[in-house]
Amino acid sequence: MDTATTVKRYHKNQKKILTKTNIMLYLMITVPLLLYYVFKYIPMPGVIIAFQQYSLAGFKYWVGTNNFKAIFSTYFFWEAFRNNWVFVGFGYFFVTPSPIIFALLINEIRVRWYKKTVQTISTLPNFVTWVVIGGLFIQLLSPSTGYINLLIRFFGGTPIFFMSRAALFPWLFTFMRIWKGVGYGAIIYLAALSGIDPQLYEAAVIDGANKLRQVWHITLPGIRNTILVLIVLSFSHVLKGFFEPIFVLKNPMNRSRSEILDTYIYTIGILQGKFNIATAVGLFKSLISMFLLFFANFLSKRFTEDGRSIL
Amino acid sequence: MLKRSTGEKVFNVFNLIGFFVFTCLMLLPIVFVLKQSLDIAIAGTLNISLIPKSPSLVFYKMVITEESVYRPFLNSVYITIVGTSSSILVNAIGAYTLSKRELAGNKFMIYFLVIIPMLFGGGLIPTYLLMRALGFIDRFAALIVPGMASGWYMILIRNYYWSIPNSLAESARIDGAEEFTVFFRIILPLAKPVLSAIALFAGVGFWNTFMSAIIYMRDPKKYTFPVKLREMILLQNDNDQQRMEDMLQSMGLDPNKFFLTAEGLSAAMMIISMIPIILVYPYLQKHFAAGIMVGSIKG
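What you see is a predicted model; the values in this text were computed from it and never measured. The residue count restarts for each chain, going from 1 along the sequence in the order it is written. Whichever chain is written first becomes A and whichever ligand is written first becomes 1, with later ones labelled in order. Reporting in this predicted model follows two pLDDT cut-offs: at least 70 for local features of residues, and 80 or more for side-chain atom pairs to be given and counted; totals over whole chains, interfaces and linings ignore these cut-offs and use all residues. The basis for the side-chain values is all heavy atoms of the structure; hydrogens and waters are excluded.

Within chain A one finds 16 helices and two strands. We call two residues contacting when some pair of their heavy atoms lies within 4.5 Å. Sequence-distant contacts in chain A: of pairs separated by 6 or more residues, those separated by 24 or more amount to 62%. Accessible surface area values rest on a Shrake-Rupley calculation with a 1.4 Å probe, where residue burial reflects the displayed protein chains alone. In the structure as shown, chain A presents an accessible area of about 15400 Å², 67% of it carried by carbon and sulfur atoms. Per the convention used, a helix needs a DSSP run of H or I reaching at least four residues, while a strand needs a run of E reaching at least two, with both numbered from the N terminus.

Have a look at this one:
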């Protein structure tokens, strides 16, 4: 049998479903499919608990939308809901722009080793768990032994218990988010910046453009698409990723400004055993997330150059 | 190179200084906690130096000798090793099937593994009830098995498989190799770069296991290191204070002059938790591009 026929037969066989090769291939993906079926798909219908009276003992009876009525009339639910969106808002306002500014500024540094050192140090915290990041800041801000308060006392001030001032919490948390993510977030913008044609800058200088004009007319348009794509993508997971930091940073004193939907679900569900109420909150949250994902998909199709879909 | 104006020179100087201050701010929390972990504070002094006054490794010794602390550490090591290796194996093999564009059901698999789970999810409580029904409470399986397969990792690996020249696999098939052989002998060895990238990201993820351990691990013997660390950060109870004083006495130090804080112990734990990350960091840096791709879609 010559080479050409073997190859041809291989490709022809791929059209049939149950050849020996295909069975092997299907076997190879059995484990992932099974794991996804068990851990992702089996829990999906579990959301009907949101419409039941369901306790530690299990299903009792159907209650229609009563669970939702109950949560919508709970003060603590709306408090968690509000806090969640405050963090999202602070995120877009302060956390999202920070790596862009970082990238623009560090891009101006011509001393290689300096640039590299700054980048290496500022990227590391991204890989450290929020438990450690939270712990670092709790210790740094501690009223008795924290460095910031040591400095305040050293200069004759009175110590501030930062972590128990509820009003300060969104600001402190935002600062920590920037501290953790700024270096890593900048990587993608730096890649986009390095893709800008240097001739554009040379031409601009000849035309007498100063640095600010160069940034405004060349640099920013050059990374505009990257910024847009990242913002659009971020809509698909706005409410995610807050559980770990809040779980570490939350304390009874700042609770009123730090409780979010995820920690609220954990408290009433896992700790208090009100499975039906917690599931209702979870379902409400995933409906918002799903809506935002479709919205992000719509924006992505509309505004990315190649009209790409994220679904 | 273009000539720089005076204005630019001034800007550059300020930029350099600015980044120096920025880097110090980045390092301050870490350096301060490192100092806390190495210092036996002397009671009643106001010391703003970041260099330990009475350096001691006592907190690190406590981490090694206290069972309630080193057991969570070993648990995390175990989860990281088992989780990372099994996840690499499962995803690398599964990705090969996904890389066959013409295979019947390929599209369905992508929907099943990536798109539908992105849209719908059971949420915390239904997943918890499932784990309870499976008997996974207080079992490490709860922390490893659900995270073993990942659609996003498989997509990344699949894309890499696509970049391997087809002629290599073809020539093996001509020699009569079965699909398994083609995969294990030709594709897998060539995919080392992407697999090591995934191993690093999965490894960091398993090492940082926290949320699922909080939910599913009730027995303190089954805690992961971050869970124990959080406990230490939040609960600095009398019990610990007593243990600290005993420790001082056994070292021949006067508990009235020196005091060991529970903060020192959690500081040492934080440093220990960061060490593996710092060790793999140079390798991680090589694979940032892959990580960003996963991160930006998965979130």
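So, about the overall build of chain B. A tally of regular secondary structure across chain B gives 15 helices and two strands. Here's how the labels work: a residue is buried when its accessible area is under 20% of the maximum for its type, exposed when over 50%, partly exposed in between, all with a 1.4 Å probe on protein chains only. When each of the 299 residues of chain B is scored for burial, the buried share is 51%. Taking all contacts inside chain B whose residues are at least 6 apart in sequence as the whole, residues at least 24 apart take part in 72%. Summing over all exposed atoms, chain B offers an accessible surface of approximately 14000 Å²; the carbon and sulfur share of this is 65%.

Our next topic: the interface of chain A and chain B. In this assembly, 94 residues from chain A lie in contact with 102 residues from chain B. Here chain A meets chain B over a buried area of about 9400 Å², counting both sides, of which 77% is carbon and sulfur. In this description, buried area is defined as the sum, over both parts, of the accessible area (probe of 1.4 Å) that is lost when the two are combined. Together, Met28, Phe127 and Gln139 of chain A form the three largest contributors to the area buried by chain A at its contact with chain B, with a combined 8%. The partner of glutamate 178 of chain B in a salt bridge is lysine 20 of chain A, with the nearest N and O atoms 2.9 Å apart. Pairs of N or O atoms are called polar contacts if they sit within 3.5 Å, as long as, within protein, a hydrogen donor faces a hydrogen acceptor (for residues adjacent in sequence, only side-chain-to-side-chain pairs). On inspection of chain A and its partner chain B, the count reaches 18 residue pairs in polar contact (both at pLDDT 80 or more). Examining the composition of the side of chain A that touches chain B, we find that 10 residues originate from one element, helix H3 (residues 30-41) of chain A, more than from any other. A breakdown of the residues in the side of chain A that touches chain B according to their chemical character gives 66 nonpolar, 20 polar and eight charged. Put simply, a salt bridge is a Lys or Arg side-chain nitrogen that is within 4 Å of an Asp or Glu carboxyl oxygen. When residues are sorted by character, Ala, Val, Leu, Ile, Met, Phe, Trp, Tyr, Cys and Pro go into the nonpolar class, Asp, Glu, Lys and Arg into the charged class, and all the rest, Gly among them, into the polar class.

The next point concerns the packing of helix H7 (residues 151-163) of chain B against helix H10 (residues 192-207) of chain B. Residue and element names in this part refer to chain B. Two elements in contact, H7 and H10, have axes separated by 9 Å at closest approach and are oriented at 165 degrees. As far as their axial angle goes, H10 and H7 are roughly antiparallel. Judged by the sense of rotation from one axis to the other, the crossing of H7 with H10 is right-handed. Counted together, Tyr153, Leu156, Ile157 and Tyr160 of H7 and Pro193, Val194, Leu195, Ile198, Phe201 and Ala202 of H10 form the full contact between these two elements. Grouping the constituent residues of the contact of H7 with H10 by class yields 10 nonpolar, no polar and no charged. Inter-axis angles, ranging from 0 to 180 degrees, are taken between N-to-C directions of lines fitted to C-alpha atoms, where helices are fitted over the stretch in contact. Our angle categories are set so that under 35 degrees counts as roughly parallel, over 145 as roughly antiparallel, 65 to 115 as roughly perpendicular, and the remainder as oblique. For any helix crossing, the convention is left-handed if the near helix is rotated counterclockwise from the far helix by under a right angle, and right-handed if that rotation is clockwise.

Let's shift gears to the pairing of strand S2 (residues 58-62) of chain A. Note on strand geometry: in a regular strand, side chains alternate between the two faces of the sheet. The pairing criterion is simple: DSSP has to find at least two bridges between the two strands. Across four bridges, the pairing between strand S1 (residues 52-55) of chain A and S2 of chain A is antiparallel. Across the sheet, residue serine 55 of chain A finds its bridge partner in S2 of chain A, namely glycine 58 of chain A.

What makes a patch is a set of residues exposed beyond 30% relative accessible area and free of salt bridges, joined within 9 Å when like-charged and within 5 Å when nonpolar (Val, Leu, Ile, Met, Phe, Trp, Tyr). A surface patch of nonpolar side chains, about 590 Å² in accessible area, is lined by Ile17, Leu18, Ile23 and Leu27 of chain A together with Phe180 and Phe184 of chain B. Only helix H2 (20-28) of chain A together with helix H9 (179-190) of chain B provide two or more residues apiece to the nonpolar patch. As for its placement among the helices and strands, leucine 18 of chain A is situated in the loop between helix H1 (3-15) and H2. With relative accessibility at 66%, the residue leucine 18 of chain A sits in the exposed group.

Ring pairs shown here join Phe, Tyr and Trp side chains whose ring centres sit within 6.5 Å, with only the six-membered ring taken for Trp; geometry is labelled stacked below 30 degrees between planes, edge-to-face above 60, and tilted in between. Taken as a whole, this structure holds 56 aromatic pairs over all chains when the rule is applied. Considering the side-chain rings of tyrosine 75 of chain A and phenylalanine 76 of chain A, the 5.7 Å spacing of their centres and the 65 degrees angle between planes classify their relative orientation as edge-to-face. Among the residues examined, phenylalanine 76 of chain A registers a relative accessible area of 42% and is labelled partly exposed. Both rings, one in phenylalanine 173 of chain A and one in phenylalanine 242 of chain A, keep their centres 6.1 Å apart while their planes meet at 65 degrees; by these two values the pair is edge-to-face. Residue phenylalanine 173 of chain A is found in helix H10 (residues 169-194), and its partner phenylalanine 242 of chain A is found in the loop between helix H12 (211-234) and helix H13 (243-249); the two are separated by 69 residues along the sequence. Both residues of the pair, phenylalanine 173 of chain A and phenylalanine 242 of chain A, count as buried. Members of the aromatic cluster, each reached through a chain of ring pairs, are Phe51, Phe68, Phe72, Phe77, Trp78, Phe81, Trp85, Tyr264 and Phe284 of chain A. Working rule: Lys NZ or Arg CZ, within 6 Å of ring centre, within 35 degrees of ring normal, means a charge sits over the ring. Positioned above the aromatic ring of tyrosine 36 of chain A is the side chain of lysine 40 of chain A, whose terminal nitrogen or guanidinium carbon lies 5.1 Å from the ring centre. Sitting over the ring of tryptophan 162 of chain B, arginine 101 of chain B keeps its end group 3.9 Å from the ring centre.

Confidence scores here are pLDDT values: one per residue, from the predictor, ranging 0 to 100. Chain-level statistics for chain B give a pLDDT mean of 86 and a share of 85% at 70 or above. Mean pLDDT in chain B bottoms out at helix H15 (residues 288-298) of chain B, which sits at 58, and peaks at helix H6 (residues 141-144) of chain B, which reaches 96.

Of note, glutamate 108 of chain A is situated in the loop between helix H6 (97-106) and helix H7 (112-123). Apart from the residues within four sequence positions on either side, glutamate 108 of chain A is in contact with Lys211 of chain A together with Phe11, Asn12 and Asn15 of chain B.

Now for unusual backbone geometry. Of note in this structure, aspartate 138 of chain B is not a glycine but carries a positive phi near 65 degrees. Summarising the element assignment, aspartate 138 of chain B is placed in the loop between helix H5 (124-134) and H6.

Attention shifts here to the packing of helix H8 (residues 130-140) of chain A against H10 of chain A. Residue and element names in this part refer to chain A. Across the interface, H8 lies against H10 with an axial gap of 11 Å and an inter-helix angle of 125 degrees. With respect to H10, the element H8 is oriented oblique. The interaxial crossing formed by H8 with H10 has right-handed handedness. For the pair H8 and H10, contact is made by Trp130, Ile133, Leu136 and Phe137 and by Phe173, Phe175, Met176, Arg177, Trp179 and Lys180, respectively. Across the contact of H8 with H10, the residue classes break down as eight nonpolar, no polar and two charged.

Turning our attention to the pattern of salt bridges. By the definition in use, this model includes 12 salt bridges over all chains. A salt bridge links arginine 255 of chain A to glutamate 79 of chain A, with the shortest nitrogen-to-oxygen separation between them at 2.5 Å. You can see arginine 255 of chain A sitting in helix H14 (residues 255-258) and its partner glutamate 79 of chain A sitting in helix H5 (residues 75-95), a full 176 residues away along the chain. What makes arginine 255 of chain A partly exposed here is its relative accessible area of 23%. Of the charged contacts in the structure, one is a salt bridge between lysine 35 of chain B and aspartate 39 of chain B, with a shortest N-O distance of 3.9 Å. Here lysine 35 of chain B and aspartate 39 of chain B have matching classes, each one buried. Three or more residues joined by partner-sharing salt bridges are found here, namely Glu79, Lys250, Arg255 and Glu259 of chain A.

In this section: H12 of chain A. Residue pairs three or four apart in sequence face the same way in an α-helix, which turns once every 3.6 residues. Fitting axes to the seven residues ending at a residue and to the seven starting there, one defines the bend at that residue as the angle between these axes. Taken as a whole, H12 of chain A carries its principal kink of about 40 degrees at leucine 220 of chain A; the proline proline 221 of chain A stands between one and four residues after it. Taken residue by residue, H12 of chain A has Gln214, Ile218, Thr219, Ile223, Ile227, Val232, Leu233 and Ser234 of chain A as its buried positions.

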